[in-house]
Amino acid sequence: MTDGITVCYDFHERTGQKGRKQVREGEEPETPDVPEGRVPRVSKLMALAIRFERLIEEGHVRDYAQLARVGHVSRARITQIMNLRLLAPDIQEEVLFLPRIHKGSGPVTERDLRPIAGEPEWETQRRMWRELTGILDQYV
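An account of the accompanying structure is given in this report.

About the criteria used
- Numbers given for residues are sequential positions, taken from 1 along each chain in its written order.
- This being a predicted model, a pLDDT of at least 70 is required before a residue's local features are given, and a value of 80 or more before pairs of side-chain atoms are given or counted; all residues contribute to the totals for chains, interfaces and linings.
- Derived side-chain values reflect all non-hydrogen atoms in the structure, with water molecules and hydrogen atoms excluded from consideration.
- Under the DSSP-based scheme used, a helix requires at least four consecutive residues in state H or I and a strand at least two consecutive residues in state E, with every element numbered from the N terminus.
- Patches in this entry comprise residues that are over 30% relatively accessible and not in a salt bridge; like charges within 9 Å are linked, as are nonpolar side chains (Val, Leu, Ile, Met, Phe, Trp, Tyr) within 5 Å.
- For the accessible areas, the method is Shrake-Rupley and the probe is 1.4 Å, while residue cover comes only from the protein chains on display.
- Within this document, salt bridges are pairs made up of a side-chain nitrogen of Lys or Arg and a carboxyl oxygen of Asp or Glu, the two lying within 4 Å of each other.
- When charges are counted, Lys and Arg contribute as positive and Asp and Glu as negative, whereas His and the chain ends are disregarded.
- Lysine's charge is taken at NZ, arginine's at CZ, aspartate's at CG and glutamate's at CD.
- The rule is simple: take the accessible area with a 1.4 Å probe, protein chains only, and divide by the maximum for that residue type; under 20% is buried, over 50% is exposed, in between is partly exposed.
- Arc, as used here, means the arc of the directions from the helix axis to the C-beta atoms.
- We call two strands paired when DSSP finds no fewer than two bridges between them.
- Fitting a line to C-alpha atoms yields each axis, with helices limited to the stretch in contact; the angle taken between N-to-C directions then spans 0 to 180 degrees.
- Note on angle classes: values under 35 degrees are labelled roughly parallel, values over 145 roughly antiparallel, values of 65 to 115 roughly perpendicular, and the remainder oblique.
- Note on contacts: a residue pair qualifies if any of its non-hydrogen atoms lie within 4.5 Å across the two residues.
- Classes in brief: Ala, Val, Leu, Ile, Met, Phe, Trp, Tyr, Cys and Pro nonpolar; Asp, Glu, Lys and Arg charged; the others, Gly included, polar.

1. A word on the environment of Thr79
Alright, step 1. The topology assignment puts Thr79 in helix H3 (residues 75-82).
Alright, step 2. Once the C-alpha coordinates of Thr79 and Tyr64 are considered, the two residues, 15 residues apart in sequence, prove to be 7.3 Å apart.

Okay, here's the thing in structure tokens:
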């Protein structure tokens, strides 16, 4: 007569690379709640402009030309992105926190913001922004 040994441990199944199932030891980790939809492209560009500005200020990057080389884009494109920093601070914040997109393209594009960013007066920028977002509200 043989006495069997019973080994107990927690495990969970997980899909790994190329859809292969893997057995992992321990309890299954909780998956974080990810909001539905995706972040608008213009919001990502605004965040990128803020990040680029910080890299230049801290001396990690010398200038726009170096950013362009590292990012494999033209200097003109870097300038377009960086011009988002010319928007009034409250508009920049609104751009950063635009609602997530569930289908299609975003309601506001970087191209829509170029004439607003080109306006030197923040009050005029705010009026232009309200006009732009007011037009967009009609289609939502």
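Structure's up, so let's keep going.
2. Points about a positive patch on the surface
Alright, step 1. Taken together, the side chains of Arg38, Arg41, Lys44 and Arg100 present a region of like positive charge at the surface.
Alright, step 2. Secondary-structure assignment places Lys44 in helix H1 (residues 41-57).

3. Describing helix H4 (residues 89-96)
Alright, step 1. Looking at H4, one finds that the buried residues are Ile91, Gln92 and Val95. Relative to the axis of H4, the buried residues are bounded by an arc of 105° and lie together on one face.

4. Observations concerning helix H5 (residues 110-117)
Alright, step 1. Of all the residues in H5, the buried ones are Glu110, Leu113, Ile116 and Ala117. Angular distribution of buried residues about the axis of H5 spans 105°; they occupy a single face of the element.

5. As for the pairing of strand S1 (residues 11-15)
Alright, step 1. Pairing geometry for S1 and strand S2 (residues 21-25), over 5 bridges, is antiparallel. Across the sheet, the residue bridging to Thr15 is Lys21, located in S2.
Alright, step 2. Linkage of S1 to S2, two consecutive antiparallel strands, is achieved through a turn of 5 residues, within which Lys18 is found at a positive phi near 55°.

6. Looking at the packing of H1 against H4
Alright, step 1. Between H1 and H4, the least distance of the axes is 8 Å, while the angle of their chain directions is 125°. As the angle between them shows, H1 and H4 are arranged oblique. Only Gln92, Val95 and Leu96 of H4 make contact with H1, whose side of the interface consists of Val42, Ser43, Met46, Ala47 and Ile50.
Alright, step 2. Taken together, the residues of the contact of H1 with H4 break down into 6 nonpolar, 2 polar and no charged.

7. Let's talk about the packing of H1 against H3
Axis angle and axis distance: for two packed helices, these are the angle between their axes and the distance between the axes, and together they describe the pair.
Alright, step 1. Contact pair H1 / H3: the axes reach a minimum separation of 8 Å and the direction vectors enclose 100°. Classified by the angle between their axes, H1 and H3 sit roughly perpendicular to one another. Contacts from Arg41, Leu45, Leu48, Ala49, Phe52 and Glu53 of H1 reach H3 at Arg77, Ile78, Ile81 and Met82.

8. Quick look at the environment of Ala88
Alright, step 1. As for its placement among the helices and strands, Ala88 is situated in the loop between H3 and H4.
Alright, step 2. Sequence-wise, Ala88 and Cys8 are 80 residues apart; in three dimensions their C-alpha atoms are separated by 61 Å.
Alright, step 3. If we skip the residues at most four places from it in the chain, Ala88 touches Trp122, Gln125 and Arg126.

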